[in-house]
Each structure stands twice: as structure tokens, then as C-alpha cells.
Amino acid sequence: MDVFKLNKLELHKRPNQFGLISLVLFTVTSLIMIAGTSLALWTNWTEKTRTTQFKLMQDATMVSSMLDASLLDALKLLESTKRDLYKIDPLLADEKEIQKTLKASVEKFSFFKRDDVFGLLFYVDKNGQIVAQDSVGVLPQTNVSDRHYFEVLKSDPHRRFSIGHLVTARVSGNKVFHIAVPLLDQQGRFSGLILQQIKADDFSNLILMTQAQVGENLVSYLPKEPVTFAYPDTDTVLSIGQEISHSDISADSRGSHLFGKGQSEVNLGYMTSRNFGLITASLLPTSVVFSEFLQEQKTLLVYVLLASMSVLVMFVLLYRNYNMLCIAQDLSMHDQLTGLFNRRGIDEQLPELMRQAARDNQSISVLFVDIDHFKRFNDTHGHEAGDQVLVNLSRLISGTLKRPMDLACRWGGEEFVVVLPSTDKKGAIHLADKLMKSAREMSVGAPVLSHNNLTVSIGLTCLLVTPKNLDEDLVDQADKAMYMAKNLGRDRLVVFGDNPQNEKNSSSIR
């Protein structure tokens, strides 16, 4: 294994762990911000929808009251005109006399109150033909027998009144709707009706005067029937009004809710007239409400975006600073030439390994390795060649260590320390012998060492760690054993505490 790759992984171990922690913290923080923002937006949207629907219900109530007042005025005029016509018996009177009666009735009613939204007042015979009108001019030859109000009153002549649908007037060509009352002969049979026009455009202008209180669209209708009035008068509003008129929202006199689905969904507020049963609905598409909502929440969304970017920048900077700190710390604990731990690194790691060994009741072994005659080699071949030897040996040591917890350290100069957790004396001796043998063979084929083999002297100490001997200086013991190996002739292993005075080599120590 390449020692530099090994130590590069070791070098970035803690920063990567912190990077993972930072990622988790950033993710959690982001999720909290997203959850908080979503909750705030949902709460605000719910409140926006509730407020919108309440306002629409108020708008519907206001327009319903205006429409109710106009219809009541029209009905009073029709009832007054009806009484006047019965005095002259319209079945026997001529056209001019009926017209005179209609005009007089309108003038009399106008003295007290005359709504600006009223159009023409008509007398219609039992066949649907317009016989007279309140204004002077050419009488149109118009038949209204196909109109809804005529059909209703003809089929039920004892009905008090009938309200028509929104239509284009055959006389004026304007958008109008009508309210009509029936006329009966002496036998109580249907003999015609009196019809009052209400101009939809003029009623829309009346609504525009109170625009601040009105929803975007308005429709008025009788349940299960076509629209009586629409504002504005567009195909879309008429279509939605037609759908609403066949729904069940008329169950209550007043209310609000959502109507429709998808892109056609609208917020709806409605009011039912007590006098005429006419339902007025004020409606606003959800898409319009949502656009307004986004504009209102723009500040919150910008704040959340800026906060998210700030949190991201903060975590990036924090990670980079911590990464640089860890790299600097690891560099201070590693030898720059070999990439192995330096003395400070071992000083920090060894006490923790000994405490772990004490908890597990395990042995720990330490090897102190010194290159023989390194100073003479350095002086002969130069420091560059010497550095290459140190690098090669550090690779050899790292390649010899197979377990993740084994540590290698460049103690200083040509000295190396190897820490072997959970390793007894026998296992440590085996590894030391292997290391010495590999060191002798390391120089084979190397030009700078072609005339001489590399050898090392190793001191070994092994300790069964207990809470009572945690203060033992294992590196110092291994160092003393290494010096004893030097004194005995180098290229050998000496175990601290043994008596190798008469030994020739490491094999005899075993």
C-alpha cells in the first residue's frame, strides 16, 4: 500500500466526518426551514382563502340587496299598473288607451321612486304579442311567447310574478332581464301579462359605483335555471353561472366555499334573496387569488431564500474553515516527508490505545526501529538519497501493518515507532522479524544501495495493560531495547526485559 495514499485518507478522515455532519445539519436545518415556511405559507393561504370567501359573500350580499331592491320597485310598479289596467279592462280597451294607462302609471310611480335601471314597461296579450308600451313611438311587432317568464305565467296564471333570464332585448337590442305579473280575465283565466324591463348594463354601472366591495365576477340566477344577471357579461361568467345554478349551493341562504376543480376552480360567496329566491353569487378564480397571494407573500419568500442562502454559505464557510483546521492539525501530527505520524501524533494516540487495552484486558506492543549506519549513508550518498531511503522504509512499515488500529510513526531522523494494539510478545516478534527481513531485501535493485544492504535495529516491549500500569512509558522501554540491539551489533531485535548479552542475532532471542 502506498504510504502517501494511506495517510491522505487518514489526513482527511476527520474533515470528511465533519463534512457528513455538516451535510446532515444543513439538511436538517433546511428541512426545518422548509417545514416552517410551508406551515407559514399554508396558514397564510388558508387565511387568504377564508378572507377572500368572506369578502365574496359580503359582495354577494350587497349586490343581492341592490338587485332585490330594484325588483321590489319593479314589482310595485307592475302591481300598481295592474290595478289601473283592470279599471279599463285591457281586453276591451284599444292600444292607445292601454299605452296611456301604462304611461300614467309610470309617471305616478316615478313621482315617488323610479329606478334608473328600469327599461320599457309592456302590456302583452295572452298570445305573447306586445300590445302596448309606456313610451311614445312605433310599437314593435314583437312576440315574447317563447320567453321563460311568459311560459311560467301562462302555465300558472295564479303565480304572483315571474323573473326572466338574461337575454338580448328584441326591441332595444340591449342585454336585459324582466319581471312580469299575470293578468286574468273575469273567469280567472290567463289573459296576458305586464312586463318590466331591467337593463343589465345600467345595473352593471350601478355595481361599478361600489366596485371596492365587489368580487371579480357576479351572477344571479334562480336554482336550476339559466342566469338572470351576470357581471361582467362574458361567455366564461355565463358558463360558470350556468354550472353554479345547477349545483346545491342554494341549500342555505348565505355561505361561501370552493366550486369546481383544477384550472376552473373558483372561490364562491353567495346570498339568496328572501323575496324572490334569486341567488346572487360573487366568484373569483383560485388562480387569481393565488397570484395575489404570491404577491403578498413575496417578502416572506425572499426572506426564506436569503436565509437559506445564508445558512448554506455559513455551512460552506464553516466546513472549509474546519477542513483547513483539521488539515493543519493533521499536518502537525504527521511527518511531511513520509506521511506517517510524527512524535506528537503518537503522543496523542498511544494513551488512548492503552486505555482501550486496559478496558479490554489486552496486551499492547511497541517497536522502536532505527536504520543502521544511516548517518554514514547520508554523508556518502547525500540527503536526497537518504530521504528516499526513509520514504521507502516508511512504505515498507505501512505495508507490513495489516490492521486498522496499528500505528506507524517517524520518531525523528532515521527512527520509527510502531504501535501494535491487542498484540502479545510472540506476535510482535513475528512482525519485527518480518520487518527486518523486508528491510534487508528492500535495497535489491536500488542503484544507491547496490553495494550495501539496508539493515535496521529494533527494540520491542510488550505490556498486558491494566489500570495500574497505564503510566508505563512503552516508547522509552522500546528505545532502550533498541540501543541494546545497537550495542550487540545491529541488525537484530531485542525485547525489553530479556537478557540478550550472549545472543548473536534476533533468531537466538526467540
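Rules behind the numbers
- Residues numbered from 1 in each chain as written.
- Predicted model: local features only at pLDDT ≥ 70, side-chain atom pairs only at ≥ 80, totals over all residues.
- Heavy atoms only, no water.
- Helix = DSSP H or I, 4+ residues; strand = E, 2+ residues; numbered from the N terminus.
- Buried < 20%, exposed > 50% of the residue type's maximum accessible area, 1.4 Å probe, protein only.
- Contact = heavy atoms within 4.5 Å.
- Patch = residues over 30% accessible without salt bridge, like charges linked within 9 Å, V, L, I, M, F, W, Y side chains within 5 Å.
- Areas by Shrake-Rupley, 256 points an atom, 1.4 Å probe, with all protein chains shown as cover.
- Salt bridge = Lys/Arg side-chain N within 4 Å of Asp/Glu carboxyl O.
- Pairing = 2+ DSSP bridges.
- Axes fitted to C-alpha atoms, helices over the stretch in contact; angles between N-to-C directions.
- Core = buried A, V, L, I, M, F, W, Y, C linked by side-chain atoms within 4.5 Å.
- Lys, Arg positive; Asp, Glu negative; His and termini not counted.
- Charge placed at Lys NZ, Arg CZ, Asp CG, Glu CD.
- Polar contact = N/O pair within 3.5 Å; in protein donor to acceptor, adjacent residues only side chain to side chain.
- Arc of directions from axis to C-beta.

### Some thoughts on the overall build of the chain
For the chain, the count of helices and strands is 14 helices and 16 strands. Expressed as a percentage of the 510 residues in the chain, the buried residues total 47%. Within the chain, contacts between residues separated by at least 24 positions form 63% of all contacts whose residues are at least 6 apart in sequence.

### Some remarks on a nonpolar patch on the surface
A surface patch of nonpolar side chains, amounting to about 380 Å² of accessible area, comprises Val302, Leu305, Leu306 and Met309. By the secondary structure assignment, Leu306 is in helix α8 (residues 298-333). Owing to a relative accessible area of 49%, Leu306 belongs among the partly exposed residues under this scheme.

### What to know about the sheet that holds strand β12 (residues 363-371)
By definition, the strands of a sheet pair up through backbone hydrogen bonds, in either a parallel or an antiparallel sense. If you trace the five strands from one edge of the open sheet to the other, you get β13-β14-β12-β15-β16, paired in mixed fashion. Across the chains shown, the open sheet's two edge strands, defined by having one partner strand only, are β13 (407-412) and β16 (493-495). In this sheet, adjacent strand axes meet at a mean angle of 20° when their direction is disregarded. Two strands pair when backbone bridges link them, and strand β15 (residues 456-464) and β16 are joined in this way by three bridges, in the parallel orientation. By the bridge assignment for β16, Gly459 is matched with Val494. On the sheet, helix α9 (residues 343-360) packs against β12, β13, β14 (415-421) and β15 and is oriented at approximately 140° with respect to β13. Running at roughly 145° to β15, helix α13 (residues 474-487) makes contact with β12, β13, β14, β15 and β16 of the sheet.

### With respect to the nonpolar core
The nonpolar side chains of a soluble globular protein tend to be buried, and buried together. With 51 residues, the main nonpolar core has Leu71, Ile179, Phe203, Ile207 and Phe276 as its most contacted residues. No other element matches helix α2 (residues 13-88), which puts nine residues into this core. Other than its neighbours up to four places away in sequence, Leu71 contacts Ile163, Phe177, Ile179, Ile198, Phe276 and Leu278. The next biggest cluster of nonpolar side chains, apart from the first, holds 31 residues, and it includes Leu340, Val369, Ile429 and Ala439.

### Thoughts on the pairing of β13
Taken residue by residue, a regular strand's side chains alternate between the two faces of the sheet. β13 sits mainly inside the fold: five of its six residues count as buried. Inspection of the sheet shows β13 paired to β14 by five bridges, in the antiparallel sense. In the sheet register, Leu407 faces β14, and the bridge partner there is Val419. Where β13 folds back onto β14 in an antiparallel hairpin, the turn is made up of two residues, including Gly413, whose phi is positive at roughly 60°.

### As for a negative patch on the surface
The grouping of Asp347, Asp471, Glu472 and Asp473 at the surface amounts to a negative patch. Along the polypeptide, Asp473 turns up in the loop between β15 and α13. Relative accessible area serves as the criterion here: at 45%, Asp473 is assigned to the partly exposed category.

### What to know about the side chain of Ser245
Examined against the element boundaries, Ser245 turns out to sit in helix α6 (residues 235-245). Since its relative accessible area comes to 1%, Ser245 is described here as buried. Separated by 3.0 Å, the side chain of Ser245 and the backbone oxygen of Glu225 make a polar contact. A distance of 2.8 Å separates the side chain of Ser245 from the backbone oxygen of Gln242, its partner in a polar contact. Apart from residues lying up to four places away in sequence, Ser245 is in contact with Tyr221, Leu222, Pro223, Lys224 and Glu225.

### Description of the sheet that holds strand β7 (residues 217-221)
Taken in spatial order, the five strands of this open sheet run β8-β7-β11-β10-β9, and their pairing is antiparallel. With partners counted over all chains shown, the strands left at the sheet margins are β8 (227-231) and β9 (254-259), one partner each. Each strand axis lies, on average, 20° off the axis of its neighbour in the sheet, ignoring direction. As paired elements, β7 and β8 share four bridges and run antiparallel to each other. In the sheet register, Ser220 faces β8, and the bridge partner there is Phe229. Running over the sheet, helix α7 (residues 286-296) touches β9, β10 (266-272) and β11 (279-285) and is turned about 50° from β11.

### A short note on the pairing of strand β5 (residues 175-184)
Burial analysis of β5 places eight of its ten residues in the buried class, the great majority of the element. Pairing of strand β4 (residues 167-168) with β5, which is carried by two bridges, proceeds in the antiparallel orientation. Bridge pairing links Thr168 to Lys175 in β5. The loop that links β4 with its antiparallel partner β5 comprises six residues; one of these, Gly173, has a positive phi angle of about 80°. Note that β5 and strand β6 (residues 190-199) share nine bridges and pair antiparallel. Bridge assignment links His178 to a residue of β6, and that residue is Gln197. The hairpin turn running from β5 into β6, its antiparallel successor, is five residues long, and Gly188 in that turn takes a positive phi close to 80°.

### Some words on α6
For the α-helix, the turn length of 3.6 residues means that residues three or four positions removed from each other point alike. Taken as a whole, α6 has its buried residues at Val237, Ile240, Gly241, Ile244 and Ser245. All buried residues of α6 lie within an arc of 135° about the axis, which places them on one face of the element. Residues of α6 that are exposed and angled more than 90 degrees away from the buried face: Asp235 and Thr236. For α6, the secondary structure elements touched by its buried residues are β7, β8, β9, β10 and β11.

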